[in-house]
Amino acid sequence: MKWLLASSLFLTFSAFAFTDADVKSLIDKTGEDVVKDSKGTFEKIKKGEAPYKKDDLYVFVYDTDLNMVAHPDAKLVGQNLKGKGDACGCLFRDEILNRVMKTAGDTNCKGGEKDAVNYIYKNPKTSKLEFKKAYFKSVKASDGKQYIVISGNYIKEMTECEK
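Summarised in this report is the structure supplied together with it. (Residues numbered from 1 in each chain as written. Predicted model: local features only at pLDDT ≥ 70, side-chain atom pairs only at ≥ 80, totals over all residues. Heavy atoms only, no water.)

### Comments concerning the pairing of strand β3 (residues 57-63)
- Counted residue by residue, β3 has 7 buried out of 7 residues, so it is predominantly covered.
- The alternating pattern of β3 places Leu57, Val59, Val61 and Asp63 and Tyr58, Phe60 and Tyr62 on opposite faces, both of which are buried.
- Pairing of strand β2 (residues 53-54) with β3, which is carried by 2 bridges, proceeds in the antiparallel orientation. Paired with Lys54 across the two strands is Leu57, which belongs to β3.
- Between the antiparallel neighbours β2 and β3 lie 2 residues, among them Asp55 with a positive phi of about 55 degrees.
- In the sheet, β3 pairs with strand β4 (residues 68-70) via 2 bridges, with the strands oriented antiparallel. Bridge pairing in β4 places Val61 opposite Ala70. (Buried < 20%, exposed > 50% of the residue type's maximum accessible area, 1.4 Å probe, protein only. Helix = DSSP H or I, 4+ residues; strand = E, 2+ residues; numbered from the N terminus. Pairing = 2+ DSSP bridges.)

Written out as structure tokens, the structure reads:
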């Protein structure tokens, strides 16, 4: 399975700082579990069970229509997030989907690196807008469908949109 990057690393004044290796390891483990038992894995993610959630590090899953299939925050599950951008207008979810599906489209996302999308998100721990770095991986699940497994960390407090 090929690694792709979106943008999510918590390095700002947190008691828990996770490395890129921690995030990738969580995605790998979750991806393997989704391939073996998607329904059971999604239920565990939604309940915030280990290993899918540990302290501030957690994983979530979209389908290829950008519907939130599994997330420890129950109010997000079932929402369609296609076309919904961050505070600066970056359609980061659409960018992730474009990369997974190998399609192009203007998502208004700036910066980043190869296989990376920088975006801004409200950190629930600080209630501040912060840069994120989220890794993601596409997997074909036990139910025969394709899903996108995502996790990451906050990087730093946001002061303005990238130009």
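That covers the picture; the talk isn't over yet.
### What to know about the pattern of salt bridges
- Within the structure shown, the criterion is met by 7 salt bridges.
- Residue Asp33 pairs with Lys29 through a salt bridge whose shortest N-O separation is 3.0 Å. Placement of the pair is Asp33 and Lys29 together in helix α1 (residues 20-46), with a separation of 4 residues, close to one helical turn.
- Accessibility expressed as a relative area gives 36% for Lys29, which makes it partly exposed.
- The residue Asp73 makes a salt bridge to Lys75 at a minimum N-O spacing of 3.3 Å. (Salt bridge = Lys/Arg side-chain N within 4 Å of Asp/Glu carboxyl O.)

### Observations concerning helix α2 (residues 92-101)
- Counting buried positions over the 10 residues of α2 gives 8, a clear majority of the element.
- Of the residues making up α2, those classed as buried are Phe92, Arg93, Asp94, Glu95, Ile96, Leu97, Asn98 and Val100.

### Quick look at unusual backbone geometry
- Cis geometry marks the peptide bond from Ala50 to Pro51; its omega dihedral reads 5 degrees.
- Positionally, Pro51 belongs in the loop between α1 and β2.
- Unusually for a residue other than glycine, Leu66 sits at a positive phi of about 65 degrees.
- Following the sequence through the fold, Leu66 ends up in the loop between β3 and β4.
- With relative accessibility at 0%, the residue Leu66 sits in the buried group.
- Even without a glycine there, the phi angle at Ser127 is positive, about 60 degrees.
- Mapped onto the fold, Ser127 is located in the loop between β5 (119-122) and β6 (129-140).

### Focus on the packing of aromatic side chains
- A full pass over the atoms with the stated rule returns 6 aromatic pairs.
- Relative to Tyr62, the ring of Phe60 lies with its centre 5.7 Å away and its plane at 85 degrees, an arrangement referred to as edge-to-face. Neither Phe60 nor Tyr62 differs from the other in exposure class; each is buried.
- Ring centres of Tyr119 and Tyr121 lie 6.5 Å apart, and the angle between their planes is 80 degrees; this geometry places the pair in the edge-to-face category.
- Classification of Tyr119 as buried rests on a relative accessible area of 3%.
- Using a relative accessible area of 29% as the deciding quantity, one classes Tyr121 as partly exposed.
- Ring pairing ties together the aromatic residues Tyr58, Phe60 and Tyr62, which thus form one cluster.
- Sitting over the ring of Tyr154, Lys132 keeps its end group 4.4 Å from the ring centre. (Phe/Tyr/Trp six-rings, centres within 6.5 Å; stacked < 30°, edge-to-face > 60°. Lys NZ or Arg CZ within 6 Å of the ring centre and 35° of its normal.)

### Some thoughts on the environment of Val100
- Among the structural elements, Val100 can be located in helix α2.
- Remark: the alpha-carbon pair of Val100 and Gln146, spanning 46 residues in sequence, is separated by 9.9 Å.

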